Amino acid sequence: MSSFKKLKSIFFIAFNFLFSKNSGPSNARKSMIGAVFCIALSILPLLVVLIVCDGMIEGMTNRIVSLSSYDLQVVLASSNLNLDEYEAASKLILEVPNVKSSVVERQGMALAGSRNARAGAMIRGVDVDLYEKNESFRKYLKVLDGNFDLSAKNSAVIGEKLASELNLKVGDTLRIISSSESNGKTHPRFASFKVKGIVSSGYQELDAHWIFIPIKTAFDLFSTSSSRIIIGVETTCPFDYELFEIQKEINHHLRQESSLQPTIYTWKNINSCKFENFASTKLLLVLIMSIIVLVSSVNVASSIVMLIMEKKKEIAILKSFGTSNSDIIFIFLLIAFFIAFLGILFGVPLGILCSVNANSIIAFLEKAINVVILFAMNLVGQGEKFSAVSVLNPEYYLQSIPLVLPFGEIYAISVLVLILSVLVSLVPSIKAGREKPVSIFRKF
């Protein structure tokens, strides 16, 4: 028999074992249907966790890099440079290829206050045209009320959470108390601003205490000891290796053209701890979900064992006609492969569908949970103490999860499930291949 005909006959036998019409009840078939269901059910949460994690991490990363750390941060060695000198250095950086924008920013901590409240704040002195010049700011920083308008010297744009804490609205007066040093003594410095806009990045942990003011005002408000001055650089390739080449080119260009001594940090240097935390959290969740997949793969082996018990007579007949041990083993491994494949065929689309609608599902769960809690608290007379529960607290997570479909990882998971299902079915398949036809016929 040729190899092709032999393979064809093996597939035919496996297909008949898997889909054979049996007049009586078949526990093996029920077990196989259960195994398909378990595979599909285990893949679903794994894909949801993977896709939601990837979307959440990518959304957070893009906002952290684009709005906070920039692709590159240039810090000049001299702290006595004035604003014009920093802006001249910024223009030199724009001459480097693959640099999209370069902005001077002065950052300092201060006490922000309104009539009724006080809170610590991160003051960011930026160019008045930052929102128009920087594409990433327009993309990720949403203006909720008013405008991102820093044209007036005393104008300010404030983060949503800080505005809520201070009970500020557009048009209200914001007071800032910073510190300055003279003759070795620290003195408070007061300034009043008019709130022109309220903004949000959709990630409260990032923008909770941001206040944007004009860069010239920031140079007047802060002393060198109480603030830091950076040049934020946006590039065309923040997530490619080419970013390091741009870093080297900027360093060389500044030293050559202006004799400045810059120190340049990439977004990875600045946020290394945060991104390591993201990666480890994702890995831990995926490992936990993978254990569920492993357990569901054991169901495939159980269904193969039951099928072997039901098909012992057929196995004996096949071996009597010259079917080898390896062919019998291959038949049952092929059946295990088919069971896993059917589970993937149902589980993967269902997992993607749930992931695509993750925001709607989470919103529904939040409403359902809050209704149940409120009902329970009303039953015991504690309804007035009810506080709404948030499944994804916006203080730590994105308000809306962006959709990212990692097709490479989905393919890898599918292959892993197939391999696991075949591997766990290897032992019962080998035992089936070693069965003696004579001993089988004696039992019938």
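Now for a look at the structure at hand. (Residues numbered from 1 in each chain as written. Predicted model: local features only at pLDDT ≥ 70, side-chain atom pairs only at ≥ 80, totals over all residues. Heavy atoms only, no water.)

**A short note on the overall build of the protein**
- Regarding its fold elements, the protein presents 17 helices and 10 strands.
- Reported as C-alpha extents along the three principal axes, the dimensions of the protein are approximately 105 × 70 × 35 Å.
- Of all 444 residues assigned to the protein, the portion counted as buried reaches 46%.
- For the protein, long-range pairs separated by at least 24 residues make up 79% of all intrachain contacts whose partners lie at least 6 apart in sequence.
- Of the roughly 23,200 Å² that the protein leaves accessible, carbon and sulfur atoms contribute 61%.
- Averaging the positions of the 43 positive and the 36 negative side-chain charges in the protein gives two centres separated by 14 Å. (Helix = DSSP H or I, 4+ residues; strand = E, 2+ residues; numbered from the N terminus. Buried < 20%, exposed > 50% of the residue type's maximum accessible area, 1.4 Å probe, protein only. Contact = heavy atoms within 4.5 Å. Areas by Shrake-Rupley, 256 points an atom, 1.4 Å probe, with all protein chains shown as cover. Lys, Arg positive; Asp, Glu negative; His and termini not counted. Charge placed at Lys NZ, Arg CZ, Asp CG, Glu CD.)

**What about the layout of surface pockets?**
- One number sums up the size of the largest pocket: a volume of about 640 Å³.
- Taken together, 23 residues make up the lining of the largest pocket; nearest its centre are V52, C53, M56, L392 and Y397.
- At 7 residues, the largest contribution of residues to the lining of the largest pocket is made by helix α2 (residues 27–69).
- Of the residues belonging to the lining of the largest pocket, the class tally is 19 nonpolar, 3 polar and 1 charged. (1 Å grid on protein atoms, 1.4 Å probe; cavity = no way out; pocket = protein on both sides within 12 Å on 5 of 7 lines; lining within 4 Å. Points joined across faces, edges and corners; volume = space filled by probe spheres on them. Nonpolar A, V, L, I, M, F, W, Y, C, P; charged D, E, K, R; others polar.)

**As for the packing of α2 against helix α11 (residues 272–310)**
- Relative orientation of the contacting elements α2 and α11 amounts to 170°, with a least axis distance of 8 Å. Judged by the angle between their axes, α2 and α11 are roughly antiparallel.
- Partitioning the contact of α2 with α11 into residue classes produces 24 nonpolar, 10 polar and 4 charged. (Axes fitted to C-alpha atoms, helices over the stretch in contact; angles between N-to-C directions. Parallel < 35°, antiparallel > 145°, perpendicular 65-115°, else oblique.)

**Description of the pairing of strand β2 (residues 99–113)**
- β2 sits mainly inside the fold: 12 of its 15 residues count as buried.
- Pairing between β2 and strand β9 (residues 227–235): 9 bridges, direction antiparallel. Looking across to β9, one finds that S102 is bridged to V233.
- Taken together, the 8 bridges between β2 and strand β3 (residues 118–126) define a ladder with antiparallel strand orientation. Note that in β3 the partner of A112 across the bridge is A119.
- Counting the residues that bridge the hairpin from β2 to β3 gives 4 residues. (Pairing = 2+ DSSP bridges.)

**Here's the deal with the pattern of salt bridges**
- For the structure on display, the rule yields 4 salt bridges.
- E234 serves as the salt-bridge partner of K100, at 3.8 Å between the closest nitrogen and oxygen. Linking K100 in strand β2 with E234 in strand β9, this pair joins segments that are 134 residues apart in sequence.
- The class for E234 is buried, based on a relative accessible area of 7%.
- A salt bridge links D127 to K133, with the shortest nitrogen-to-oxygen separation between them at 3.7 Å.
- Relative accessible area serves as the criterion here: at 18%, D127 is assigned to the buried category.
- Each of the salt bridges in this network shares a partner with another, and the network as a whole consists of K100, E135 and E234. (Salt bridge = Lys/Arg side-chain N within 4 Å of Asp/Glu carboxyl O.)

**As for the packing of helix α13 (residues 325–356) against helix α16 (residues 426–433)**
- The N-to-C vectors of α13 and α16 enclose an angle of 145°; their axes lie 8 Å apart at closest approach. Crossing handedness for the pair α13 and α16: right-handed. Along its contact with α13, which presents N325, I328, I329, F332 and L333, the element α16 presents L426, S429, I430, A432 and G433.
- Here the contact of α13 with α16 is built from residues that sort into 7 nonpolar, 3 polar and no charged. (Left-handed = near helix turned anticlockwise from the far one by under 90°.)

**Details of helix α3 (residues 83–94)**
- Over its 12 residues, α3 extends 17 Å from the first C-alpha to the last, a length consistent with the 16 Å expected when each residue adds 1.5 Å.
- Looking only at α3, the buried set comprises L83, Y86, A89, S90, L92 and I93.
- Considering only its buried residues, α3 is in contact with β1 (72–76), β2, α8 (215–221), β9 and α9 (242–258).
- The N-terminus of α3 is capped by N82, whose side-chain oxygen sits 3.1 Å from the backbone nitrogen of D84. (Expected span 1.5 Å × (residues − 1). Polar contact = N/O pair within 3.5 Å; in protein donor to acceptor, adjacent residues only side chain to side chain.)

**Brief notes about unusual backbone geometry**
- In this structure, Y70 is a non-glycine residue whose phi angle is positive, near 60°.
- Position of Y70 relative to the elements: it lies in the loop between α2 and β1.
- Positive phi values are uncommon outside glycine, yet N167 reaches one of about 55°.
- Topologically, N167 is positioned in the loop between α6 (160–166) and β6 (173–182).
- The exposed category is assigned to N167, whose relative accessible area is 51%.

**Structural notes on the nonpolar core**
- Ranked by internal contacts, the top residues of the largest apolar core, which has 54 residues, are V74, L141, F212, I231 and I250.
- Per-element tally for this core: the top contributor is α2, with 6 residues.
- When residues no more than four places from it in sequence are discounted, the contact partners of F212 are R124, V126, F137, L141, F148, L150, S155, A156, V157 and V199.
- Membership of the second largest hydrophobic core comes to 42 residues, among which are M32, L47, V300 and A432. (Core = buried A, V, L, I, M, F, W, Y, C linked by side-chain atoms within 4.5 Å.)

**Focus: the packing of aromatic side chains**
- Applying the stated rule across the entire model yields 8 aromatic pairs.
- Connected via pairs of aromatic rings, a cluster forms that spans Y131, F137, F148, W210 and F212.
- The ring of F219 carries the charged tip of R106 above its face, separated from the ring centre by 4.7 Å.
- One residue, R124, lies across the ring of W210, its end atom 4.5 Å from the ring centre. (Phe/Tyr/Trp six-rings, centres within 6.5 Å; stacked < 30°, edge-to-face > 60°. Lys NZ or Arg CZ within 6 Å of the ring centre and 35° of its normal.)

**A look at a nonpolar patch on the surface**
- On the surface, a nonpolar cluster with roughly 420 Å² of combined accessible area is contributed by I361, F364, L365, I369 and V389.
- Looking at the element boundaries, F364 is found in helix α14 (residues 358–379).
- Given the relative accessible area of 58%, F364 is considered exposed. (Patch = residues over 30% accessible without salt bridge, like charges linked within 9 Å, V, L, I, M, F, W, Y side chains within 5 Å.)

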